[in-house]
Amino acid sequence: MIHKYTLFGYNIAIDTESGAIHVLSEIAMKMIGYLEIMLNKERFPGFPDECPVDIRYQLAKYESSDVKEAYAELCGLYNDGMLFSKPGEIKLNYSDDFKESPVKALCLNISHDCNMTCEYCFAGKGEAAAAGRYGGEKKLMSEETGMNAVKFLMQNSGSRKNLEVDFFGGEPLLNFDAVKNIVLNTRALEKEYNKNVRFTLTTNGTLLDDGKIDFINAHISNIVLSLDGLKETNDGMRRYSGGEGVYDDIVPVYQKLVEKRIKSDGPYKDYYIRGTFTRKNLDFAKDVIHMAGLGFKNVSVEPVVAEEDKEYSVRRGDLPVIFKEYETLAREIIRRGRKGDDTLNFFHFNIDLENGPCVYKRSKGCGSGSEYLAVTPDGDIYPCHQFAGNKKFILGNVNAPDIVLDKALMKKFFHNNIIENEKCRSCWVKYFCGGGCAANNANFNGSIGEPYEIACELEKKRVECAIAIKAAVNN
């Protein structure tokens with residue numbers, strides 16, 4: 001399977017199965033299209049020694065020596081397995097014994113409560129969060145439940161040594177004492193179980209103070225700080241429960257946290273400013289550039305995921321505008337890169353073309369429902385945090401004396417991968433995407449295996465931009 005496109009003056013061809021990416025001349029770009037047609041029609045089983053006459057006819061306006069050279073180049077790539085390569089045999093085995101399918105990460109919904117009323121929050125707006133998507137009353141996770149969850153992770157991680165625990169909400173800092181004690185107590189358990197745990201915490205920043213900043217920078221491997229961009233963009237959607245915007249309160253605190261984190265002698269430097277763009281700010285490139293100008297190098301801005309009847313929801317008709325924004329952002333990164341300026345690292349343009357994960361790992365995506373799970377304040381185990389509160393997706397409970405997991409449901413999630421999903425299997429971006437978000441698929445299409453098409457289209461564009469950035473900066 002070949003995906004071809006031209007962006008920023010570069011002709012790019014991606015060989016899906018081998019992962020090879022080629023920057024081609026104009027002749028080679030046209031020729032590869034004709035070759036693909038002939039191969040699909042089974043005109044020949046491989047490349048003949050000489051360029052087929054009908055292809056030479058199609059390229060008659062070019063010098064014959066240039067056509068011959070281009071053909072020889074493509075033929076060499078084909079013979080080396082880097083062009084028109086066939087799908088490999090990838091086996092994803094699932095054992096009926098859950099302990100043989102190790103868990104690698106947990107999301108602890110440490111707080112089903114929030115001090116903000118963000119318009120687009122997937123859990124429901126602030127005060128309604130616990131009574132909305134999350135279900136039940138507002139609640140904070142106890143330290144006991146948190147440690148039961150950590151022990152569950154360690155006991156069900158098999159031979160995997162490096163594990164991850166994410167503190168999520170609601171707003172985790174409403175339950176900061178539990179966060180702190182769980183982190184410190186986990187360090188003691190690491191030696192007992194011979195495990196290493198990497199902690200991440202996501203916060204709206206409104207409750208950060210010097211003490212919390214110091215603890216986070218000393219103990220939390222990655223901190224995710226919520227900010228949508230310019231003051232008017234951010235405060236249009238992200239507000240306190242009383243309706244006031246939060247931009248002026250959180251930006252100076254974020255700057256202090258990031259500066260101290262980067263300059264400290266500690267081992268933890270990772271952070272991301274994480275924003276959301278909606279139909280109200282489809283010109284989000286300026287928000288990303290603004291946040292980089294505030295001193296935040298690492299930025300991730302995600303499209304809002306909401307029902308189409310919401311005034312701020314992203315719709316299919318918005319895609320051309322969003323695509324142009326990604327291109328605008330990509331041009332800015334290229335401009336900076338050519339000057340040796342690395343002050344903007346956009347999460348969705350980060351693609352490791354040399355040392356990325358193997359095909360087996362990329363085939364499974366995030367691993368929700370099997371390798372990655374979420375735990376609510378009550379101890380209920382869900383496939384991920386976005387399923388929390390939907391009772392039909394409960395997998396078990398970490399507070400149970402004998403934890404009994406719904407292996408049938410976990411098996412369903414395990415087999416929701418790009419190898420076994422027919423629509424994903426025939427998509428060129430599958431190994432970069434990993435199959436997308438099962439929760440979005442379920443919410444919009446009623447099935448974890450039915451792709452949410454808007455997300456698919458956005459991922460394709462982001463990957464195209466990311467590869468074009470590498471081509472441009474390297475040249």
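Residues numbered from 1 in each chain as written. Predicted model: local features only at pLDDT ≥ 70, side-chain atom pairs only at ≥ 80, totals over all residues. Heavy atoms only, no water.

### With respect to the sheet that holds strand β2 (residues 10-15)
Adjacent strands of a sheet form backbone hydrogen bonds with each other and so pair up, either parallel or antiparallel. Across the sheet, which stays open at both edges, the three strands sit in the order β1-β2-β3 with antiparallel pairing between neighbours. If you trace the sheet from one side to the other, it starts and ends with β1 (2-7) and β3 (21-24), each paired once. Neighbour to neighbour, the strand axes of the sheet diverge by 25° on average, direction disregarded. In this structure, β2 lies alongside β3, joined through four bridges in antiparallel fashion. Its bridge partner being in β3, Asn11 is matched across the sheet by Leu24. (Pairing = 2+ DSSP bridges. Helix = DSSP H or I, 4+ residues; strand = E, 2+ residues; numbered from the N terminus. Axes fitted to C-alpha atoms, helices over the stretch in contact; angles between N-to-C directions.)

### Quick word on the packing of aromatic side chains
Summed over the entire model, instances satisfying the criterion amount to 15 aromatic pairs. Seen from their ring centres, Phe167 and Phe199 are 5.6 Å apart, and the 10° between their planes marks the pair as stacked. With a gap of 32 residues between them, Phe167 in strand β7 (residues 162-168) and Phe199 in strand β8 (residues 196-203) connect regions that are remote in the sequence. In this structure Phe199 comes out as buried when scored by relative accessible area, which is 0%. With a centroid separation of 4.9 Å and an interplanar angle of 70°, the aromatic rings of Phe346 and Phe349 are classed as edge-to-face. Residues Phe346 and Phe349 agree in their burial class; the two are buried. Site record: aromatic cluster; members linked through ring pairs are Phe277, Phe284, Tyr326, Phe346 and Phe349. The ring of Phe176 carries the charged tip of Lys212 above its face, separated from the ring centre by 5.5 Å. (Phe/Tyr/Trp six-rings, centres within 6.5 Å; stacked < 30°, edge-to-face > 60°. Buried < 20%, exposed > 50% of the residue type's maximum accessible area, 1.4 Å probe, protein only. Lys NZ or Arg CZ within 6 Å of the ring centre and 35° of its normal.)

### A look at the side chain of Thr200
The residue Thr200 is located in strand β8 in this model. For Thr200, the contacting residues outside a window of four places in its chain are Val165, Asp166, Phe167, Ile220, Asn222 and Val224. (Contact = heavy atoms within 4.5 Å.)

### Details of the confidence of the model for the protein
On average, residues of the protein score 89 in pLDDT, and 91% of them are at 70 or above. Every residue in residues 126-132 is under pLDDT 50, and counting partners more than four places away or in other chains gives 18 contacts. (pLDDT = per-residue confidence, 0-100.)

### Focus: the sheet that holds β8
Strand order across the open sheet formed by 10 strands is β12-β11-β10-β9-β8-β7-β4-β13-β14-β15, with mixed pairing between neighbours. Two strands close off the open sheet at either side, each with one partner strand: β12 (345-346) and β15 (396-397). With six bridges connecting them, β7 and β8 associate as parallel partners. Among the inter-strand pairings, Glu164 is bridged to a residue of β8, identified as Arg198.

### Describing the pairing of strand β11 (residues 298-303)
Burial within β11 is extensive, with five of its six residues counted as buried. Examined bridge by bridge, strand β10 (residues 270-277) and β11 share five bridges and lie parallel to one another. From the neighbouring strand, Ile273 faces β11, where its bridge partner is Val299. In terms of handedness, the path from β10 via helix α9 (residues 285-293) over to β11 forms a crossover that is right-handed. (Right-handed = clockwise from strand over helix to strand, strands pointing away.)

### Some details on helix α3 (residues 64-79)
In this model α3 runs 22 Å from its N-terminal to its C-terminal C-alpha over 16 residues, within 8% of the 22 Å that 1.5 Å per residue would give. Buried within α3 are the following residues: Val67, Ala70, Tyr71, Leu74, Cys75 and Leu77. Summarising the axial view, the buried residues of α3 lie within an arc of 160°, below the 170-degree limit, and thus occupy one face. Opposite the packed face of α3, turned more than 90 degrees from it, sit the exposed residues Lys68, Glu69 and Asn79. Those residues of α3 that are buried are in contact with β3, α1 (26-40) and α2 (53-58). One or two steps after α3, the chain reaches Gly81, where phi turns positive at roughly 75°. (Expected span 1.5 Å × (residues − 1). Arc of directions from axis to C-beta.)

### Structural notes on the pattern of salt bridges
Scanning the entire structure with this criterion turns up 27 salt bridges. Here Arg335 and Glu332 are joined by a salt bridge, their closest N and O atoms 2.7 Å apart. One end of the pair, Arg335, and the other, Glu332, are both in helix α10 (residues 319-338), three residues apart, so they sit about a helical turn from each other. Each member of the salt-bridge network shares a partner with another, and the members are Lys104, Arg160 and Glu371. (Salt bridge = Lys/Arg side-chain N within 4 Å of Asp/Glu carboxyl O.)

### Quick look at the nonpolar core
Phe167, Leu208, Leu227, Tyr326, Phe349 and Phe387 are the most contacted members of the largest nonpolar core, which has 116 residues in total. If one sorts the elements of this core by residue count, helix α16 (residues 453-474) sits on top with 10 residues. In contact with Leu208, not counting residues within four places along its chain, are Leu173, Thr203, Ile213, Ile216, Leu225, Val253, Tyr254 and Leu257. With 24 residues, the next largest nonpolar core counts Ile2, Ile27, Leu59 and Phe84 among its residues. (Core = buried A, V, L, I, M, F, W, Y, C linked by side-chain atoms within 4.5 Å.)

### Focus: helix α12 (residues 407-414)
Turning to α12, its buried residues are Leu409, Met410, Phe413 and Phe414. Along the long axis of α12, the arc covered by the buried residues comes to 145°, so they all point the same way. In α12, the exposed residues that point more than 90 degrees away from the buried face are Ala408 and Lys412. Residues of α12 that are buried make contact with β13 (372-375) and α15 (438-445).

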